[in-house]
Amino acid sequence: MALLEIRDVVKTFGDFTAVNHVSLSVEAGEFFTLLGPSGCGKTTLLRMLAGFEQPDSGQILLDGKNVAGVPPEKRPVHTVFQSYALFPHMTVAQNIAFPLKMARVPQADIKARVDEVLDDVRLTQFATRFPHELSGGQRQRVAIARALVNRPRLLLLDEPLSALDAKLREEMQIELINLQKEVGITFVYVTHDQGEALALSHRIAVMNKGQVAQLDVPETIYSYPNSRFVADFIGQCNLLDATVVAIDDGKMKLEIEGVGIAEALPVAGAAVGARGTLTLRPEKIKLGASLPAGDDHEVHFKGKVHDCLFLGDVTIYIVELDNGTLVETMLPNAASGRARFFDDNDQVELAWRFDAGHFVLA
């Protein structure tokens, strides 16, 4: 039995349906992420798990017991907020001890448990400092420690890294992964950051308009999105309108609108005449001034460089095909010397394997 089960949960605010018949389950010890754009319902769902909002219908089961209607303080659940919500007049140790004092835990036990969780988050030497004396990452760890000290069955994290700068956010992602492994507590994590979700999660529920658009492991969601929305939302992706014109020999032939014929792997439900989108990640596309003709496993098109964007480790190239379609590709800046290999209006060729893209039905 799953640790957490959400069964057909609905939540409305007036005429607006924030969560629309959502059902999913989370296993014990899992790092589970709710991912989606603003207004998709992910934070409302998290607030219902915490007990700050109540569902209009449906069930929220924790260890098989329906907790809908149970107040937040009575649930074996803790929440880490984006703002951290630390008490500025308390030291690190006092902040962490606060939930235990509210639960009337004996003083001797409080010290032992605070010391244990300080060690878990590697803050033992900062126990007597105040929040204003800490870095953003250290304050974030204090907030997590305070949430962990009561040993909850479930830890909810509401965009806890969004206020940090890019370098610190990356460091904290690694710390969160390691911490979750060490303490073994189930994490339900809310974010709108696709890269963060892919890096941290065992599984991801991509939400859109109050519903779960796709739920799977990060690798599957990235490489095999089940809809145009998921493909477009998760990372950079070329979306090419296409129609199935033939299916044979384990391949589909696609007529890409205004471009030409390409091949892709067959997908369930696709038949000749079906319309949809070929989703193609930039890193799957070869780019060169000229590319040797490959075998029948490669698709070739010609174009010219429309624009480029230097990102340090890679350079993104926007290539305009002969019909005006723009395709995004990238080259790693691994070689010494000049990072930019092509200039605007340079004639180039693109190629990709027939299994590089993924076709989704309209």
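Residues numbered from 1 in each chain as written. Predicted model: local features only at pLDDT ≥ 70, side-chain atom pairs only at ≥ 80, totals over all residues. Heavy atoms only, no water.

So, the packing of helix α4 (residues 136–148) against helix α5 (residues 166–183)
Here comes step 1: Across the interface, α4 lies against α5 with an axial gap of 11 Å and an inter-helix angle of 25 degrees. In terms of orientation, α4 lies roughly parallel with respect to α5. Read as a crossing pair, α4 and α5 show a hand that is right-handed. Counting all contacts with α4, which are made through Gly136, Gly137, Gln140, Arg141, Ile144 and Leu148, the residues of α5 involved are Leu168, Met172, Glu175, Leu176, Leu179 and Val183.
Here comes step 2: Tallied by class, the residues present in the contact of α4 with α5 amount to seven nonpolar, three polar and two charged. (Axes fitted to C-alpha atoms, helices over the stretch in contact; angles between N-to-C directions. Helix = DSSP H or I, 4+ residues; strand = E, 2+ residues; numbered from the N terminus. Parallel < 35°, antiparallel > 145°, perpendicular 65-115°, else oblique. Left-handed = near helix turned anticlockwise from the far one by under 90°. Contact = heavy atoms within 4.5 Å. Nonpolar A, V, L, I, M, F, W, Y, C, P; charged D, E, K, R; others polar.)

Some thoughts on the state of the cysteines
Here comes step 1: Tallied over the entire structure, the rule returns zero disulfides.
Here comes step 2: The thiol of Cys40 is unpaired, and the distance to the nearest cysteine sulfur, on Cys237, comes to 19 Å. (Disulfide = S-S within 2.5 Å.)

A closer look at the packing of aromatic side chains
Here comes step 1: The full count for this structure, using the stated rule, is seven aromatic pairs.
Here comes step 2: Consider the rings of Phe31 and Tyr189, whose centres lie 5.5 Å apart with planes at 45 degrees: the pair is tilted. Taken together, the residues Phe31 in strand β3 (residues 31–35) and Tyr189 in strand β8 (residues 186–191) connect sequence positions 158 residues apart.
Here comes step 3: For Tyr189, a relative accessible area of 0% gives the class buried.
Here comes step 4: What links up through ring pairs into an aromatic cluster is the set Phe31, Phe187 and Tyr189.
Here comes step 5: Sitting over the face of the ring of Phe354, Lys251 holds its NZ or CZ atom 5.2 Å from the ring centroid.
Here comes step 6: Against the face of Tyr222 rests Arg281, its NZ or CZ located 4.1 Å from the ring centre. (Phe/Tyr/Trp six-rings, centres within 6.5 Å; stacked < 30°, edge-to-face > 60°. Buried < 20%, exposed > 50% of the residue type's maximum accessible area, 1.4 Å probe, protein only. Lys NZ or Arg CZ within 6 Å of the ring centre and 35° of its normal.)

Details of the nonpolar core
Here comes step 1: Core analysis: the largest hydrophobic core is formed by 37 residues, its most contacted members being Ile96, Ile144, Leu155, Leu157 and Leu176.
Here comes step 2: Of all elements in the fold, only α2 (92–102), α3 (107–120), α4, β7 (154–158), α5 and β8 reach the threshold of two or more residues within this core.
Here comes step 3: Tallying contributions element by element places α4 first for this core, with six residues.
Here comes step 4: Excluding anything up to four places from it in sequence, Leu155 contacts His78, Val80, Ile144, Ala147, Leu148, Ile185, Thr186, Phe187 and Val188. (Core = buried A, V, L, I, M, F, W, Y, C linked by side-chain atoms within 4.5 Å.)

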